[in-house]
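In case you want the letters, here they are:
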Amino acid sequence: MALNAHGVAKRVRGTDYSSLRSQIIRAAMSVPANIVEGSGQKSSREFSRFLVIAINSTTELEYHLISARDLHVADGSEVLTLLSQVIEVRKMLYGLLRHLASHAQPKT
């Protein structure tokens, strides 16, 4: 997903859209970066915090992609495919959060 989003962003042309291009790349790269960073944490609770940040980044990416499509600076069918990937990744992240919550050890 992140690499595909980067590819879409690279095809967004025009100086007026440089910030949109940058935001797409930043949000897309934030998702796996937060998953990796979170996986190195010492507790499931800390990992979960990074997963929530990754989920928020998928929502932000979704918005930027829709904006790029609606501004006609990105191919609609390419954006639609990427949006499906973003939604699928978000679902997987929510599933992982639920798994971590169900296996959390109660505080003593």
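Here, the structure is the one placed above.
The structure presented is a predicted model; accordingly, all values stated were derived computationally and were not measured.

A. Representation of the overall build of the protein chain. Within the protein chain, the regular secondary structure consists of four helices and zero strands. Mapped from its N terminus to its C terminus, the protein chain presents α and β elements in the order α-α-α-α. Each of the three principal axes of the protein chain carries a C-alpha extent, and together these read 55 × 20 × 15 Å. Relative to all contacts within the protein chain whose residues are 6 or more apart in sequence, the contacts with residues 24 or more apart total 68%. Of the roughly 6700 Å² that the protein chain leaves accessible, carbon and sulfur atoms contribute 57%. Averaging the locations of the 13 positively and 9 negatively charged side chains of the protein chain gives two centres separated by 7 Å.

B. Examining the environment of R26 more closely. Relative to the elements of secondary structure, R26 occurs in helix α2 (residues 18-39). As a C-alpha pair, R26 and A5 span 21 residues in sequence and 9.8 Å in three-dimensional space.

C. Structural view of helix α1 (residues 2-10). Taken as a whole, α1 has its buried residues at A2, A5, G7, V8 and A9. Where the residues of α1 are buried, they touch α2, α3 (44-70) and α4 (76-102).

D. The nonpolar core, seen in detail. Counting 18 residues, the largest nonpolar core has A5, I24, L61, L65, A68 and A74 as its most contacted members. Those elements giving two or more residues to this core turn out to be α1, α2, α3 and α4. Apart from residues lying up to four places away in sequence, A5 is in contact with I24, A28, L61 and L82. F47, V89, L93 and L97 belong to the second-largest nonpolar core, a separate cluster that totals nine residues.

E. Highlighting the side chain of S48. Here S48 shows up in helix α3. For S48, a relative accessible area of 17% puts it in the buried group. Beyond its immediate stretch of four places on either side in the chain, S48 contacts L97 and L100.

Scoring rules and cut-offs
- Residues numbered from 1 in each chain as written.
- Predicted model: local features only at pLDDT ≥ 70, side-chain atom pairs only at ≥ 80, totals over all residues.
- Heavy atoms only, no water.
- Helix = DSSP H or I, 4+ residues; strand = E, 2+ residues; numbered from the N terminus.
- Contact = heavy atoms within 4.5 Å.
- Areas by Shrake-Rupley, 256 points an atom, 1.4 Å probe, with all protein chains shown as cover.
- Lys, Arg positive; Asp, Glu negative; His and termini not counted.
- Charge placed at Lys NZ, Arg CZ, Asp CG, Glu CD.
- Buried < 20%, exposed > 50% of the residue type's maximum accessible area, 1.4 Å probe, protein only.
- Core = buried A, V, L, I, M, F, W, Y, C linked by side-chain atoms within 4.5 Å.

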